[in-house]
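The residues making up each chain are set out below.
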There are 2 protein chains.
Amino acid sequence: MKRIITIAAALLVAGSAFAQQALVPGTGIVSPEINPDNSVTFRYYNPKAITVQVSGDFFPTERVTFEMDGRTRTIDNPGKADLVENNGLWTYTTPPLEGELYSYTLYVDGQKMMDPSNIYQNRDIATWTNIFTLSAEKGDKGWYYQVNDTPHGNVTKVWYDSPTLGKQRRMTVYTPAGYEKNTRTKYPVLYLLHGSGGDEDAWSDLGRAVQILDNLIAEGKAEPMILVMPNGVYFNQAAPGVAVNMFQPTISNSRSQSTVEVENSFPDIIKYIETNYRVRKDKNSRAVAGLSMGGRQSAALSRKYPDMFGYVGMFSGVVPPAVDAEGNDKALDAVFAAGPKLYWIGCGKTDGVMKNSLLLKEYCEDKGYPVTFYESEGGHIWRNWREYLTVFAQKIF
Amino acid sequence: MKRIITIAAALLVAGSAFAQQALVPGTGIVSPEINPDNSVTFRYYNPKAITVQVSGDFFPTERVTFEMDGRTRTIDNPGKADLVENNGLWTYTTPPLEGELYSYTLYVDGQKMMDPSNIYQNRDIATWTNIFTLSAEKGDKGWYYQVNDTPHGNVTKVWYDSPTLGKQRRMTVYTPAGYEKNTRTKYPVLYLLHGSGGDEDAWSDLGRAVQILDNLIAEGKAEPMILVMPNGVYFNQAAPGVAVNMFQPTISNSRSQSTVEVENSFPDIIKYIETNYRVRKDKNSRAVAGLSMGGRQSAALSRKYPDMFGYVGMFSGVVPPAVDAEGNDKALDAVFAAGPKLYWIGCGKTDGVMKNSLLLKEYCEDKGYPVTFYESEGGHIWRNWREYLTVFAQKIF
């Protein structure tokens, strides 16, 4: 009984407090709790609720088909489970889970809610979810996505001038641990591009690029490198919150329909980085990779500038071959004529992009071009993009 | 009817989507909407809800008293208003509001929820709320807190070595627009400290320090300066999310009980900044200010190192005079013997810190020390701390 009273007192405060900073103790409930067997327990206190569910990407998905913008679309919704109530405290425990970064939300009487006991949340375009990382053993995915006791790189939100686009724009730059001290070292650079609806915060936040690089570098599995994560929506200056007007991101205001503007303006980014950071400036010290729209942009950038990048990564996004009457894709032929050290395609088995990814792979193989194809489970999801970055970053420089 | 159908289709997707990044369109509802008369309309779609309320700091507060940790505490809860339902769409419009950054949440059938149509959220210790900025006219508070079409400074999350505390620690560093280009300019530095429960993200996020400085500098009202926002909890390395383990912040794991460790380790921070940034290194090019616990730390730092800072700001937090048998506070006398250019105290009329703030002011006035006392409405709240920073930053360097 004492526990419930404590909880109720905590809720009185937590439900209200955005006035008195020093008086915000949270709910007094531990949720989620990662148990010794790597099962996860969710807890939520609400004596008045009739149903409480947890929806998370650790459950099998349910495919939903719907119409939007005149197109039939499918989406794989995360599954749900019911929490069970006892004295107002609702609980549910998952089966043991593998190491991963997981997303979830609660549904209380059918309404989506954040877990009030978990401050960790992440935004994917217009959708907020709670998150947690779980590492079952050192070296599993969750271990690479969590913060470990390693040296950490610095992360800067940089405003740079893009004369081509006629505006100041913002990007995220990661410099590896030691960059400030090793003043005679020059570093290679990975340009890492987000997908439709995303922004320059996407890879460093939900993409865990900072943790992945910190951990890979600390383990000696990736070269110390600079990561540059620009905003790939050419008509936006910056992510919501740091752009003029508090715009609400949607597909239409946060995607580029074509890659042309990104291709034309990309040298502005490279010029800024190569002027303001201690970097190596040869082709084999530059890599470009991206997810979905950013994968298409990476493919397009390598075709537009075959001598710019020694490493090209396309994560769930490619430019499929466009062959002429003789069966040649001349832009793609030029990419391989320039001899890339790595041309890497990653795609999930159930991803709609698989068809074009295979077309690109087959074209390359028919021509005898060295292409690396990486197939994973699942579809067009962040879980895959984090995995692809972890694999790709170990293969470059 | 068409509108409701569109909304329902949007909800089908938005309520589920953390799988398919490209398919997250938001709710299709505009909330909040700032109207031409600066009233604000909140909208929320839910045909099944019985009551929907909005709770926000634009309403008069309701004072609640409760017991915690054996102490009687009071908290000023934000007021609430009922939304009215029509065809499942709930709405409420405020009276016209003044320029400010506002926080709010929804209560649906009594349960606190984020507004699903507003991606803008901010965390204060363990409490998430939605936020929006409103500017009624150029130069009002909301204008200084929003992103305007000005040059923007860069923001870096820096890991530095603290030999005194025996660990790597993280801080936020703002460099003003032009820092990269003006390679022969050296800048003054404001060290800006957060309160209990906060971390190195607090001032740059909810405190709007980045926007305040961008806007003040663009208007010619503040000197271009570097802002250094360290983590003031000496036993933590970093904010939740970038620290090892996903700890849930509470008062006990996110505050320092004493200022001693901050005093002893502060030279590590200054050394890092003065080694790695182009800064002026004289006393009158250094300022220190902080809110609540950070105000106490600022006062303590000025007493420990009277020759270190030319400007001292205490926002809702002071070290009250501790007089000896002769009626002298020797540490405070030493501060003024060293001739600070500014010794600034800010406090809200209903803030519990007012008593000690007045004791400090009176001691200084009795001694003939130049002290600036700034009294504002309200209590121990971010609204005041943003205002104090805006005023203080115009008076230094």
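Enquirer: Help me understand the overall build of chain A in this model?
Expert: Each helix and strand counted, chain A has eight helices and 20 strands in total. Taken along the three principal axes of its C-alpha coordinates, chain A extends 75 × 50 × 45 Å. Split into buried and exposed, the 397 residues of chain A put 53% on the buried side. Put simply, 69% of the contacts in chain A that link residues at least 6 apart link residues at least 24 apart.

Enquirer: Which parts of the structure should I look at to understand the environment of Ser258 of chain B?
Expert: Looking at the element boundaries, Ser258 of chain B is found in the loop between β16 (226-230) and α4 (260-276). Residues Ser258 of chain B and Ala300 of chain B, spaced 42 residues apart in sequence, show a C-alpha to C-alpha distance of 9.9 Å.

Enquirer: Can you walk me through unusual backbone geometry in this structure?
Expert: Comment: phi is negative for the bulk of residues other than glycine, and the bulk of peptide bonds are trans. Residue and element names in this part refer to chain A. The linkage connecting Ser31 with the following residue, Pro32, adopts the cis geometry, with an omega of -5°. Even without being glycine, Asn245 reaches a positive phi, approximately 70°. If you trace the backbone, Asn245 turns up in the loop between β16 (226-230) and α4 (260-276). On the basis of neighbour count, Asn245 is assigned to the exposed category, with 11 C-beta atoms found within 10 Å.

Enquirer: It is not clear to me how the sheet that holds strand β7 (residues 84-86) of chain B should be interpreted in this structure. Could you clarify?
Expert: Adjacent strands of a sheet pair through backbone hydrogen bonds, lying either parallel or antiparallel. Residues and elements named next belong to chain B. Strand order in the open sheet formed by four strands is β1-β2-β8-β7, and the pairing between neighbours is antiparallel. Every interior strand has two partners, whereas the edge strands, β1 (33-34) and β7, have only one. Here three bridges tie β7 to strand β8 (residues 89-93), and the two strands are oriented antiparallel to one another. Its bridge partner lying in β8, Asn86 is registered against Leu89.

Enquirer: Honestly, the domain arrangement of chain A in this entry has me stumped. Any pointers?
Expert: All names here are of chain A. Looking at the assigned domains, one finds that chain A contains domain 1 (2-136) and domain 2 (154-393). Counting from both sides, the interface comprises seven residues of domain 1 and, opposite them, 12 residues of domain 2. Those elements that place two or more of their residues in the side of domain 1 that touches domain 2 are β9 (100-108) and β11 (121-124). Classifying every residue of the side of domain 1 that touches domain 2 by side-chain character gives three nonpolar, one polar and three charged.

Enquirer: Would you mind showing me how to read the sheet that holds strand β2 (residues 40-45) of chain A here?
Expert: Residues and elements named next belong to chain A. Spatially, four strands are ordered β1-β2-β8-β7 in an open sheet, and the strand pairing comes out antiparallel. Where the open sheet ends on each side, the last strands, each with one partner, are β1 (33-34) and β7 (84-86). Here two bridges tie β1 to β2, and the two strands are oriented antiparallel to one another. Bridge pairing links Glu33 to Thr41 in β2.

Enquirer: What should I look at first to understand the confidence of the model for chain A in this one?
Expert: All names here are of chain A. The pLDDT averaged across chain A works out to 91; a share of 93% of its residues lies at or above 70. Scored below 50 in pLDDT, residues 1-25 shows 76 contacts in the model against residues more than four places distant or in partner chains. Overall fold confidence (pTM) sits at 0.93, and the ipTM for the predicted complex is 0.92.

Enquirer: Just checking my understanding: could you explain the pairing of strand β12 (residues 127-134) of chain A for this structure?
Expert: Every other side chain in a regular strand lies on the same face of the sheet, so the side chains alternate between the two faces. Residue and element names in this part refer to chain A. Of all eight residues that make up β12, seven are buried, and the element is covered over most of its length. Inspection of the sheet shows β11 paired to β12 by four bridges, in the antiparallel sense. Across the sheet, the residue bridging to Asn122 is Thr129, located in β12. Hairpin geometry of β11 and β12 is characterised by an intervening segment of two residues between the two adjacent antiparallel strands and by a positive phi of about 60° at Ile125.

Enquirer: Explanation requested: the packing of α4 of chain A against helix α5 (residues 293-304) of chain A in the structure shown.
Expert: When two helices pack together, their arrangement is given by the angle between the helix axes and by the axis-to-axis distance. All names here are of chain A. Look at α4 against α5: their axes get within 9 Å of each other, and the N-to-C directions meet at 65°. Looking at the two axes, α4 sits roughly perpendicular to α5. Viewed along their axes, α4 and α5 form a crossing whose handedness is right-handed. In this structure, α4 uses Val262, Glu263 and Phe266 to contact α5, whose residues at the interface are Gln297, Ala300, Leu301 and Lys304. For the contact of α4 with α5, the residue count by class is four nonpolar, one polar and two charged.

Enquirer: Looking at this model, I keep getting lost on the nonpolar core. Mind explaining?
Expert: In globular proteins that are soluble, nonpolar side chains generally tend to be buried together. If you look at the biggest cluster of nonpolar residues, it comprises 184 residues, and the most contacted ones within it are Val228 of chain A together with Val228 of chain B. Sequence-distant contacts of Val228 of chain B, that is, excluding residues within four places in its chain, are made with Met171, Val173, Val189, Tyr191, Leu192, Ile269 and Ile273 of chain B.

Enquirer: Mind showing me how you'd approach helix α3 (residues 209-218) of chain A here?
Expert: Side chains of residues three or four places apart in an α-helix project in the same direction, reflecting 3.6 residues per turn. Residues and elements named next belong to chain A. Counted residue by residue, α3 has nine buried out of 10 residues, so it is predominantly covered. Looking at α3, one finds that the buried residues are Ala209, Val210, Gln211, Ile212, Leu213, Asp214, Asn215, Leu216 and Ile217. Residues of α3 that are buried in the fold lie against α2 (141-145), β13 (154-162), β14 (167-175), β15 (189-193), β16 and α8 (382-393). Gly220 occupies a position one or two residues after α3 and carries a positive phi of about 75°.

Rules behind the numbers
- Residues numbered from 1 in each chain as written.
- Chains lettered and ligands numbered in written order.
- Predicted model: local features only at pLDDT ≥ 70, side-chain atom pairs only at ≥ 80, totals over all residues.
- Helix = DSSP H or I, 4+ residues; strand = E, 2+ residues; numbered from the N terminus.
- Buried ≥ 20, exposed ≤ 12 C-beta atoms within 10 Å, placed from the backbone.
- Contact = placed C-beta atoms within 7 Å.
- Pairing = 2+ DSSP bridges.
- Domains from an automatic or database assignment.
- Nonpolar A, V, L, I, M, F, W, Y, C, P; charged D, E, K, R; others polar.
- pLDDT = per-residue confidence, 0-100.
- Axes fitted to C-alpha atoms, helices over the stretch in contact; angles between N-to-C directions.
- Parallel < 35°, antiparallel > 145°, perpendicular 65-115°, else oblique.
- Left-handed = near helix turned anticlockwise from the far one by under 90°.
- Core = buried A, V, L, I, M, F, W, Y, C linked by C-beta atoms within 7 Å.

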